[in-house]
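# Report on the structure
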Amino acid sequence: MDFNDTPEEADYRAQARAWLQAHAPRPTGKIDNGLDDPVSMDASRAWQREKAEAGYACITWPKQWGGGGGAAWQSVIFGQEEARFETPANPFAIGLGMCVPTVMTAGNEADKERFVRPAARGDEIWCQLFSEPAAGSDVAAARTRAVRVPGKDGGDDWVINGQKVWTSGAHFSDFGLLLARTDPDAPKHKGLTMFWIDMKAPGVEVRPIHQMSGASNFNEVYFTDLKIKDSQRIGEVGEGWRVSLVTLMNERLAIGGGGGAGHRQVFKLASEIATLAGPALKDTGLREKIADWYVQAEGLKYTRYRTMTALSRGQTPGPESSIGKVVSATLMQDMAAAALELEDQFGIISDPELAPLAGAFQTALMNAPGLRIAGGTDEILRNIIAERVLGLPQDVRLDKNVAFKDIPTGK
């Protein structure tokens with residue numbers, strides 16, 4: 001692993017940093033009300049469009065579809081440099097990181113021409129419709145049904161009924177990537193098919209879920225006799241699981257970095273808060289925790305460097321990207337909990353106008369449990385690491401060759 005930029009990488013980093021310094025939006029000092037605020041959404045779209053016009057959005061995508069036509073290492077470097085600036089919220093991460101790459105990999109040419117460029121420019125937003133009340137970590141247990149019926153134009157249509165849950169951004173998305181069961185007589189991994197759907201079509205109902213953080217970014221999505229064309233199918237009938245692996249592989253990398261206030265912010269807070277024994281930073285127990293968090297953060301940084309090194313050498317990063325998410329989510333939760341114990345009234349004052357760091361630790365504590373579930377629970381990720389990184393034996397699967405309709409449901 002090489003921690004240093006090559007001359008080519010250093011030149012690109014300087015170029016990206018200069019462009020960002022000239023074009024990145026200037027901080028307004030106002031509290032961001034989130035993506036449900038039309039002003040914030042407009043700012044996000046404008047920033048995405050400006051990056052796309054300069055070739056800095058979707059850097060690895062072909063230019064013919066609105067991408068930058070660049071290399072994966074360039075995308076990583078630009079992301080590192082962009083993180084230094086206070087840019088608008090990103091409602092496009094799921095679409096650009098998971099959904100549209102799946103369309104590019106398994107979709108037909110008409111879909112690629114229709115959807116890729118508008119997504120890269122921020123004109124359209126996508127969501128991922130995988131999880132269900134009875135199929136969270138076990139995506140292949142999806143029960144939403146898609147039944148083939150004759151279409152009015154002589155072709156085939158599909159009628160979809162069912163429910164998805166925990167769908168991030170469904171309430172402001174234009175399109176969704178839907179995994180549905182098309183053959184209940186086949187084993188669960190072989191009876192699935194992937195489709196794209198219009199989130200504003202009749203038969204689609206989105207119900208936001210109020211979260212303990214105060215946000216409502218997750219949603220329940222219901223399908224009632226939703227009719228779609230067979231041309232909206234992505235991949236072959238019954239190959240939905242193979243197609244979904246493309247999405248899931250991208251998902252781990254897309255959300256693995258974590259975010260929010262880190263160990264440096266905890267250190268600063270502890271330096272400023274006085275206790276009966278003096279500055280909180282003099283507490284040896286707290287100092288040990290901060291040291292542990294620093295080590296974990298450095299481990300995450302160098303794991304990402306491993307990914308960047310692989311990309312710069314033209315290699316494909318492996319399943320070790322799951323390590324980033326399983327560590328970063330727990331790390332965020334631990335740091336936030338400790339920071340709130342330091343704050344006045346144990347952090348009960350969460351008003352961004354009054355709380356330290358504009359309430360960043362309160363937000364982190366409320367968001368961390370969701371992050372430990374989204375994109376694979378801690379348990380699922382540890383299984384992936386055990387089996388695919390460490391080479392340990394796989395879990396025993398008793399339902400491997402059983403027709404989905406014959407799998408016991410517990411009812």
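This text goes with the structure placed above it.
Residues numbered from 1 in each chain as written. Predicted model: local features only at pLDDT ≥ 70, side-chain atom pairs only at ≥ 80, totals over all residues. Heavy atoms only, no water.

### Quick notes on the overall build of the protein chain
The following threshold applies: Strands are runs of DSSP state E lasting at least 2 residues, helices are runs of H or I lasting at least 4, and numbering of each runs from the N terminus. Relative accessibility decides the category of a residue: with a 1.4 Å probe and only protein chains considered, values under 20% of the type maximum give buried, values over 50% give exposed, and everything between is partly exposed. Accessible areas in this description were obtained via Shrake-Rupley with a 1.4 Å probe; residue shielding takes into account the shown protein chains only.
Looking only at helices and strands, one finds 11 helices and 10 strands in the protein chain. Counting every position in the protein chain, which comprises 411 residues, the buried fraction comes to 45%. Of the roughly 21,200 Å² of accessible surface on the protein chain, 53% is carried by carbon and sulfur atoms.

### Thoughts on the packing of aromatic side chains
This is how it is decided: Working definition: rings of Phe, Tyr and Trp (its six-membered ring) pair if their centres are within 6.5 Å, and the pair is stacked with planes under 30 degrees apart, edge-to-face with planes over 60 apart, and tilted otherwise. Over a ring means this: the NZ of a Lys or the CZ of an Arg is within 6 Å of the ring centre and within 35 degrees of the ring normal.
Evaluation of the coordinates by the stated rule reveals 13 aromatic pairs. Pairwise contacts between aromatic rings join Tyr 12, Trp 19, Trp 47, Tyr 56, Trp 73 and Phe 78 into one cluster. Directly above the aromatic system of Phe 404 lies the positively charged group of Arg 181, at a separation of 3.6 Å from the ring centroid. A cation over an aromatic ring shows up here: Arg 207 above the ring of Tyr 222, its NZ or CZ 4.3 Å from the ring centre.

### Overview of the nonpolar core
Convention followed: Only buried residues count toward a nonpolar core. Its members are Ala, Val, Leu, Ile, Met, Phe, Trp, Tyr and Cys residues joined through side-chain atoms within 4.5 Å.
Counting 30 residues, the largest nonpolar core has Trp 61, Val 100, Trp 126, Met 194 and Ile 234 as its most contacted members. Counting residues per element, the ones that place at least two in this core are helix H4 (93-106), helix H5 (109-121), strand S4 (175-181), strand S5 (192-198) and helix H6 (240-255). Considering each element in turn, this core owes the most residues, five residues, to H4.

### Here we look at the pairing of strand S3 (residues 156-164)
To keep it simple, the criterion reads: The criterion for strand pairing is that DSSP finds at least two bridges linking the strands in question.
Sheet analysis places strand S2 (residues 145-150) next to S3, joined by six bridges and oriented antiparallel. Paired with Ala 146 across the bridge in S3 is Ile 160. The pairing of S3 with strand S7 (residues 219-229) spans seven bridges and is classified as antiparallel. Across the sheet, Asp 157 pairs through a bridge with Lys 229, a residue of S7.

### Comments concerning unusual backbone geometry
Positive phi outside glycine occurs at Cys 58, with the angle close to 50°. Structurally, Cys 58 is set in the loop between helix H2 (38-54) and helix H3 (72-82). Judged by its relative accessible area of 16%, Cys 58 is buried. Of note in this structure, Asp 225 is not a glycine but carries a positive phi near 50°. The exposure class assigned to Asp 225 is exposed, which follows from its relative accessible area of 53%.

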